[in-house]
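Residue-level structural notes
Now for the letters of each chain:
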Amino acid sequence: MSRHRIVRTMDYNDEYDGYDDVYGHSVEDEHCISPTDAQQWLYDRARGQQSISAFLSKNKDIQEEDDDGAEEEAAFEKARRDSESFQMPQLDDIEQAKLSSCVDEVRSVVGDAVSERRIVETSMKFDYNMQQILDEILNEETNKKPAAKRAPATPVLPVSAAGKAASKAVPTPPPKISLKEPRRGFEVASPKAPSSPSVSGRNTPVDIGEDASRTQASLFKVSKDQAQRNARQLYEKERSDQKSHIHMIVIGHVDAGKSTLMGHLLFDTGNVSQRVMHKHEQESKKMGKQSFMYAWVLDETGEERARGITMDVGQSRIETKTKIVTLLDAPGHKDFIPNMISGATQADVALLVVDATRGEFESGFELGGQTREHAILVRSLGVNQLGVVINKLDTVGWSQERFAEIIVAKLKSFLKQAGFKESDVSFTPCSGLTGENLTKDAQEPALTGWYSGPHLLDVIENFKIPERAIDRPLRMSISDIYKGNGSGFCISGRVETGVLCVNDKVLVGASREQAQVKSITMDELSQASVFAGDQVSVTLSGVDINNVTVGSIICDPQTPIPVTTRFQARIIVFNVKVPITMGFPVLLHHQSLIEPAVVRKLIASIHKSTGEVVKKKPRCLGNNSCALVELETSRPICIERYADFKELGRVMLRVAGVTIAAGMVTKIR
């Protein structure tokens, strides 16, 4: 076939000569198929033309279906147009805040089924009374539903069968609607308590709501003595003739002399023997660190002594005339702030140690120093009483000007801004290395010439004993876990509220596993019962040690602690480099627990002083702002509302080794 052809004179029979399967040609006779195959595979235009007419002739009484879907869609479109075109009324700030709060609350119950116009009009009609608003809206939505949807569907019977069944049909009474307590959204009438992981076969703890957790008391049985125990009466019986117990944490910038100060205080009060002190003196001389001899009383590990800094919270104990004081020596280095927070959660009062050496105080107090951060942390964790110790004042010749410059110019105004009352803050000059003004009145002439106040031991003696929540249900936070000598394992921590006795049954952590208390020790002495505020070690049995973690809470089986992954908190934002936005990842510190979390929602910006809502759903949170946010943790945790348990309702948020916010829990999901 040539490339250039004359199409007008072309003979198509010659062109297609030899081709049998040309597209578009009919099937020739020599390639025949069976009639069955032809009926199956070949299309017949005449076949099936009478099917529609035959169907219509047989079914003459066809009823059209109700166009309910179109009506619902039209109603939804109208509601949507109402919501989009509706403009909020012009109100003053207080009324606007009330209205916004009501709209959000109603939306959380009824969802998007009701238009915004309807919600706003109902809210203003009932003067923002949530009970009446919800009753009105929910009852109206219930009455709107057609009766056909509420009635059970009945099968369609043929005409002959319907006639026979008519005589046997029993009229069904209309459903009764009770308006006494309308249901709120998707509320379940009788929630079933979820089974524990050991029963359900799951490894992940069950996320249990606060209301459901309160109804779980019947699932765990306790002894009659534990159920009917009078905690206040038992406390007065066992502790009425004993000294009051208080926990004091020592905080401050690194190298401010905290460990040396406390070591010398312990030596002067007779809690460290002369033989041990002589041993520390000889060993520190060999390492060329003779000035660290008193610090080694509390810094016991080889790494702490070699590096010359405190890394973990050291514990010791002194007795005054009316108190038993547990000293908690916190690390000052910024790398060990998590350990400091863990110790501060156990403290009732605090000593802030400040280095009076020129240049040292300034480096610790300026931005990035631990003097400022430690003071804010302990105040955020509930410590109200603070004793400021001006240490190393002998290095500046006991200068009154330096003492007044530190107190008046900087510390007093800063601590007042941090939330401390002036009546709860004291200032004491001393020297931890020489022991001046620690346990005895000042003897140095350069100091006595202008200072006549109390020495450090008197300052500790004058601390007020905080009120203990002994009558509340048991809550104990776990700060350490270790293997004991006998059967079971030991946990140590602080009893936050309530009372704990030997042979009591308790619930451990978010998994809610039940355990039994085998023994209790406090200050290496066996105890039959311990109370709120005590730092104790407890031996447990009946629970696997792998299911207990640091930061878990031990609680009373009759009133278990809520377990959740989402909660709302009112936070105060400190200095942040990057504004806090939705989805912001943080490290959540709660007691000894450190858990990754995410800021899920920025609910509102709040005024610091009045607590009024400044802005709804802000896009970000900057420095020194106060806000209501929703946090979500990666795993279920035990937490309480601040209004219910102040001790367990405080949280800290940290990012990249810096504390960015602190707050209190307001609502548990």
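All values derive from a computational prediction rather than experimental measurement.

All right, on to the sheet that holds strand S2 (residues 314-319) then. Within a beta sheet, neighbouring strands are joined by backbone hydrogen bonds and run either parallel or antiparallel to one another. Spatial strand order, S2-S3-S1-S4-S5-S6: 6 strands in an open sheet with mixed pairing. Two strands close off the open sheet at either side, each with one partner strand: S2 and strand S6 (425-429). Each adjacent strand pair in this sheet contributes to an overall mean axis angle of 25°, direction not counted. With 7 bridges joining them, strand S1 (residues 244-252) and strand S3 (residues 323-329) adopt parallel strand pairing. Residue pairing for S3: Met248 is matched across the bridge by Leu327.

Moving on: the environment of Gly257. Along the polypeptide, Gly257 turns up in the loop between S1 and helix H14 (258-268). C-alpha separation for the pair Gly257 and Tyr294, spaced 37 residues apart in sequence, amounts to 9.9 Å. Residues in contact with Gly257, not counting those within four places in the same chain, are Val353, Asn391 and Lys392.

Here helix H19 (residues 370-380) crosses helix H20 (residues 400-418) at 35°, and the two axes come no closer than 10 Å. Of the two elements, H19 crosses H20, and the hand of that crossing is right-handed. Of H20, the residues touching H19 (which contributes Arg372, Ala375, Ile376 and Arg379) are Phe414, Leu415 and Ala418. Of the residues assigned to the contact of H19 with H20, the class counts are 5 nonpolar, no polar and 2 charged.

In this section: the confidence of the model for the protein chain. For the protein chain, per-residue confidence averages 76 on the pLDDT scale, and 74% of positions sit at 70 or higher. Scored below 50 in pLDDT, residues 146-218 makes 64 contacts in the model with residues more than four places away or belonging to other chains.

Let us look at the nonpolar core. Among the nonpolar cores identified, the biggest contains 41 residues, and Val388, Ile390, Leu411 and Leu415 are the most heavily contacted of them. Mapped by element, the contributors of at least two residues to this core are S1, helix H17 (337-344), strand S4 (349-355), helix H18 (360-365), H19, strand S5 (385-391), H20 and S6. Per-element accounting of this core gives the leading share, 6 residues, to H20. The contacts of Ile390, once residues within four sequence positions are left out, are Val354, Ala356, Phe403, Ile406, Leu411, Thr428, Pro429 and Cys430. If you look at the next biggest cluster of nonpolar residues, it comprises 28 residues, including Val349, Val353, Leu457 and Val459.

Since the α-helix packs 3.6 residues into each turn, any two residues three or four apart lie on the same face. Counting buried residues along H17, 6 of its 8 residues qualify, which places the element largely inside the surrounding structure. Taken as a whole, H17 has its buried residues at Ile337, Met340, Ile341, Ser342, Gly343 and Ala344.

Here is what the cut-offs are and how they apply
Residues take numbers from 1 onward in each chain, read along the sequence in its written order. It should be noted that, the model being predicted, local features are given only for residues of pLDDT at least 70 and side-chain atom pairs only at 80 or more, the latter also being counted only at that level, while totals for whole chains, interfaces and linings use all residues. Computation of side-chain values covers all heavy atoms of the structure but excludes hydrogens and water. Two strands form a pair only when DSSP identifies at least two bridges running between them. A run of H or I in DSSP becomes a helix once it reaches four residues, and a run of E becomes a strand once it reaches two; helices and strands are each numbered from the N terminus. Here the axes come from fitting lines to C-alpha atoms, over the contacting stretch only for helices, and the angles between their N-to-C directions go from 0 to 180 degrees. We call two residues in contact when some of their heavy atoms are within 4.5 Å. By the definition used in this description, the sense in which the near helix is turned from the far one sets the handedness, with an anticlockwise turn below a right angle giving left-handed and a clockwise turn giving right-handed. Residue polarity is assigned by list, with Asp, Glu, Lys and Arg as charged and Ala, Val, Leu, Ile, Met, Phe, Trp, Tyr, Cys and Pro as nonpolar; anything else, Gly included, falls into the polar class. Every residue is assigned a pLDDT by the predictor, reflecting its confidence on a scale from 0 to 100. For the purposes of this section, nonpolar cores are sets of buried Ala, Val, Leu, Ile, Met, Phe, Trp, Tyr and Cys residues that join through side-chain atoms within 4.5 Å. In this scheme, a residue with accessible area under 20% of its type's maximum is buried, one over 50% is exposed, and one in between is partly exposed, where area comes from a 1.4 Å probe on protein chains only.

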